[in-house]
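Coordinates in review
In case you want the letters, here they are:
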Amino acid sequence: MAGTVQAAAQQGGKPRKPMRTHMPAARWTMVWLCFMALAINYTDRANLAVAAPSIRQALGVDNTTMGLLLGSFFWTYALMQLPAGWLVDRYGARLMFPIAVCWWSLFTALTAAANSTASLFGFRLLLGAGEAGGYPASARVVSRWFPPHERGFASSIFDSGSRVGNLVAIPLCAWLIGTFGWRTSFVATGLLGFVWAAAWLLVYRKPEQHPDVTPDALREMAESRAGNEAAAAAGAPAMRWIDLFRYRTIWGMMIGFFCLNFVIYFFITWFPTYLMTTRHFSLKQFGTLGLIPGLIAVPGGWLGGFTSDWLYRRGWSLTAARKTCLVGGMLLSSVITLAAVVPAAWMALVLFGVAYAALAFTAASIWSLPGDVAPTRAQVASIGGIQNFASNLAGVVTTSFTGLMLTVTHGSFVIPLATAGGLCLVGAATYLFVVGPIAPLPMLPARGGAKPAP
């Protein structure tokens with residue numbers, strides 16, 4: 001497969017030249033700040049799932065209504081990806097990232113004041129709207145601070161914040177709820193975001209404004225993301241945001257990420273039910289063994305980012321390096337289908353672990369793509385928001401489709417897991433054949449009848 005990808009990749013994404021300049025260590029501080037923001041992001045969104053039994057008792061919420069409350073977050077989170085990416089590109093990550101974090105942290109904390117289903121529903125909708133800014137802002141930060149040969153690993157670091165946040169949320173929120181009550185849990189996790197925002201404003205600067213970035217390092221960064229910057233600087237007409245949808249590559253990124261997130265959201269939503277109803281795990285077993293796939297996924301993502309960058313540094317084209325990891329990871333994750341048919345629970349758990357790690361392996365390259373293919377740096381967060389919008393529609397589809405199939409088949413997970421594996425194969429084909437060369441996309445005129453670009 002790698003040979004096929006390399007052969008197809010000669011059209012773009014040439015191998016990098018050796019780095020001439022020592023890059024500032026501050027770039028790693030910036031990406032770890034992004035990691036922390038996304039860990040808080042996922043802790044805040046998972047808080048409701050942990051608190052659900054307490055809230056049902058306190059507010060008299062039935063199972064159907066609680067299902068709507070748990071899914072309401074995705075409505076605004078997916079929709080607001082589109083304006084969030086544009087706003088980050090327009091006003092910069094230094095300003096928009098802390099605004100987004102303070103927004104979602106405020107409505108996390110205010111959830112403690114909910115005294116009805118309607119108010120709880122409203123707070124969840126507003127939470128989703130704020131959290132939409134997290135990933136586009138992180139993608140923009142990495143594109144500004146990291147050259148392509150480090151961008152995959154840097155992206156894997158901030159992306160792993162989501163999995164760490166999910167892992168932390170269960171014991172942290174459970175302890176807060178058990179010790180202080182569910183309302184205190186929302187206040188406490190909400191306050192974390194305000195602490196992060198203060199640290200961000202204190203520490204974060206653009207490379208051009210950071211005292212540790214030398215002129216040579218700044219020049220190296222500028223050369224690495226040249227793309228069409230010269231044309232933009234010379235006064236070429238600015239692209240409209242809507243014109244990004246005229247690129248085939250953008251549509252390929254949307255479809256591929258949807259396929260990946262269909263499976264990711266199975267782990268977030270239905271995976272506990274599968275282990276306890278089909279594999280007969282006790283609650284205690286789920287609290288220990290059920291964490292294994294998530295724990296494996298964190299280093300799996302780091303390995304994916306490292307591998308993509310390592311291949312590029314070894315002389316592969318950027319297209320070959322990224323697509324090998326994208327296609328290979330999606331193909332390997334399709335083993336999730338086998339979990340439905342293996343006889344032993346431990347075999348299923350191993351397959352789930354491999355699948356989740358492979359998805360994380362793929363996601364590192366997915367989140368490097370906005371910086372790799374953006375026509376100029378002014379579209380990086382917008383592209384990140386567009387692909388994340390499509391991917392989070394999978395959150396709605398996965399939950400409803402799986403629930404419907406369980407009803408139709410009287411509790412069998414065979415069809416949902418077979419569908420998940422099939423979409424992994426569709427995603428692999430999309431990244432291989434629909435997404436074009438991994439290189440800055442050609443500029444399109446602001447208006448007129450230009451043909452869709454690769």
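Residues numbered from 1 in each chain as written. Predicted model: local features only at pLDDT ≥ 70, side-chain atom pairs only at ≥ 80, totals over all residues. Heavy atoms only, no water.

Describing the overall build of the chain
In terms of helices and strands, the chain carries 20 helices and zero strands. Looking at the chain as a whole, 55% of its 454 residues are labelled buried. Residue pairs at least 24 apart in sequence account for 84% of intrachain contacts in the chain once pairs closer than 6 positions are excluded. (Helix = DSSP H or I, 4+ residues; strand = E, 2+ residues; numbered from the N terminus. Buried < 20%, exposed > 50% of the residue type's maximum accessible area, 1.4 Å probe, protein only. Contact = heavy atoms within 4.5 Å.)

Quick look at the packing of helix 16 (residues 318–333) against helix 17 (residues 345–366)
Axis separation between helix 16 and helix 17 bottoms out at 8 Å; the angle between their running directions is 155°. Our classification of the angle between helix 16 and helix 17 gives roughly antiparallel. The handedness of the crossing between helix 16 and helix 17 is left-handed. Only Val354, Ala355, Ala358, Leu359, Phe361, Thr362, Ser365 and Ile366 of helix 17 make contact with helix 16, whose side of the interface consists of Arg322, Cys325, Leu326, Gly329, Met330, Leu332 and Ser333. (Axes fitted to C-alpha atoms, helices over the stretch in contact; angles between N-to-C directions. Parallel < 35°, antiparallel > 145°, perpendicular 65-115°, else oblique. Left-handed = near helix turned anticlockwise from the far one by under 90°.)

Some thoughts on a nonpolar patch on the surface
A contiguous nonpolar patch, built from Leu106, Leu110, Val187, Leu191 and Phe194 and spanning about 380 Å² of accessible area, is present on the exposed surface. Of all elements in the fold, only helix 5 (93–110) and helix 9 (182–203) reach the threshold of two or more residues within the nonpolar patch. In terms of residue count, the dominant contributor to the nonpolar patch is helix 9 (three residues). The residue phenylalanine 194 is located in helix 9 in this model. (Patch = residues over 30% accessible without salt bridge, like charges linked within 9 Å, V, L, I, M, F, W, Y side chains within 5 Å. Areas by Shrake-Rupley, 256 points an atom, 1.4 Å probe, with all protein chains shown as cover. Salt bridge = Lys/Arg side-chain N within 4 Å of Asp/Glu carboxyl O.)

Some remarks on the packing of aromatic side chains
All told, the structure shown has 30 aromatic pairs when counted by the stated rule. Seen in terms of ring centroids, phenylalanine 73 and tyrosine 77 are 5.0 Å apart; in terms of plane orientation they differ by 20°. Their pairing is stacked. Note that phenylalanine 73 and tyrosine 77 are positioned in helix 3 (residues 63–79) at a spacing of four residues, about one turn of the helix. In terms of burial, phenylalanine 73 and tyrosine 77 fall into one category: buried. Through successive ring pairs, a cluster of aromatic residues spans Phe266, Phe267, Phe271, Tyr274, Phe352, Tyr356 and Phe413. Taking NZ or CZ as reference, arginine 45 lies 3.8 Å from the ring centre of tyrosine 42, over its face. Over the face of the ring belonging to tyrosine 77 we find arginine 45, whose NZ or CZ atom lies 4.5 Å from the ring centre. (Phe/Tyr/Trp six-rings, centres within 6.5 Å; stacked < 30°, edge-to-face > 60°. Lys NZ or Arg CZ within 6 Å of the ring centre and 35° of its normal.)

Some words on helix 7 (residues 134–145)
Helix length check: helix 7, at 12 residues, gives a terminal C-alpha distance of 17 Å against a target of 16 Å (1.5 Å per residue), a fit within 8%. Of all 12 residues in helix 7, 12 are buried; the element is thus mostly enclosed. Of the positions making up helix 7, those classed as buried are Gly134, Tyr135, Pro136, Ala137, Ser138, Ala139, Arg140, Val141, Val142, Ser143, Arg144 and Trp145. (Expected span 1.5 Å × (residues − 1).)

As for the packing of helix 2 (residues 26–59) against helix 9
Interhelical geometry of helix 2 versus helix 9 gives an angle of 165° and a closest axis separation of 9 Å. Regarding the angle of helix 2 to helix 9, the classification is roughly antiparallel. The two elements helix 2 and helix 9 cross, and the hand of that crossing is left-handed. Tallied by class, the residues present in the contact of helix 2 with helix 9 amount to 17 nonpolar, eight polar and two charged. (Nonpolar A, V, L, I, M, F, W, Y, C, P; charged D, E, K, R; others polar.)

Quick notes on the pattern of salt bridges
Enumeration over the complete set of coordinates arrives at 11 salt bridges. The salt bridge involving arginine 144 is made with glutamate 208; its shortest N-O contact spans 2.9 Å. Here arginine 144 is found in helix 7, whereas its partner glutamate 208 is found in the loop between helix 9 and helix 10 (215–224), with 64 residues between them in sequence. We classify arginine 144 as buried; its relative accessible area is 7%. Exposure remark for glutamate 208: the relative accessible area of 35% places this residue in the partly exposed category. Between arginine 151 and aspartate 372 there is a salt bridge; the shortest N-O distance is 2.7 Å. Highlighted residues: arginine 151 in helix 8 (residues 148–180) and aspartate 372 in helix 18 (residues 369–373), separated in sequence by 221 residues. The same class applies to arginine 151 as to aspartate 372, namely buried.

A closer look at unusual backbone geometry
Non-glycine residue histidine 280 carries a positive phi angle of around 60°. Residue placement: histidine 280 occurs in the loop between helix 13 (271–277) and helix 14 (283–288). When its relative accessible area of 62% is taken as the criterion, histidine 280 is described as exposed.

Overview of the nonpolar core
Counting residues in hydrophobic clusters, the biggest one holds 109 residues, and the most contacted among them are Trp196, Trp200, Ile336, Phe352 and Tyr431. With 12 residues, helix 12 (residues 248–269) is the largest single contributor of residues to this core. The contact partners of tyrosine 431, leaving out residues within four places of it in the chain, are Gly252, Met253, Gly256, Phe257, Lys323, Leu326, Val327, Met330, Ile366 and Leu369. Core analysis: the next-biggest nonpolar cluster, separate from the first, contains 15 residues, Ile55, Phe107, Phe123 and Ile177 among them. (Core = buried A, V, L, I, M, F, W, Y, C linked by side-chain atoms within 4.5 Å.)

Details of the confidence of the model for the chain
Taken as a whole, the chain shows an average pLDDT of 86; of its residues, 89% reach a score of 70 or greater. Per-element confidence in the chain ranges from a low mean pLDDT of 42 for helix 1 (residues 2–8) to a high of 97 for helix 16. Throughout residues 1–11 the model reports pLDDT below 50, and contacts reaching past four residues in sequence, or to other chains, amount to 17 contacts. (pLDDT = per-residue confidence, 0-100.)

Looking at helix 2
Over its 34 residues, helix 2 extends 47 Å from the first C-alpha to the last, a length consistent with the 50 Å expected when each residue adds 1.5 Å. The principal kink in helix 2, of about 60°, is found at alanine 52, preceding the proline proline 53 by one to four residues. Note on helix 2: the residue one or two positions beyond its end, glycine 60, has a positive phi of about 70°. (Bend = angle between axes of the 7 residues up to and from the residue.)

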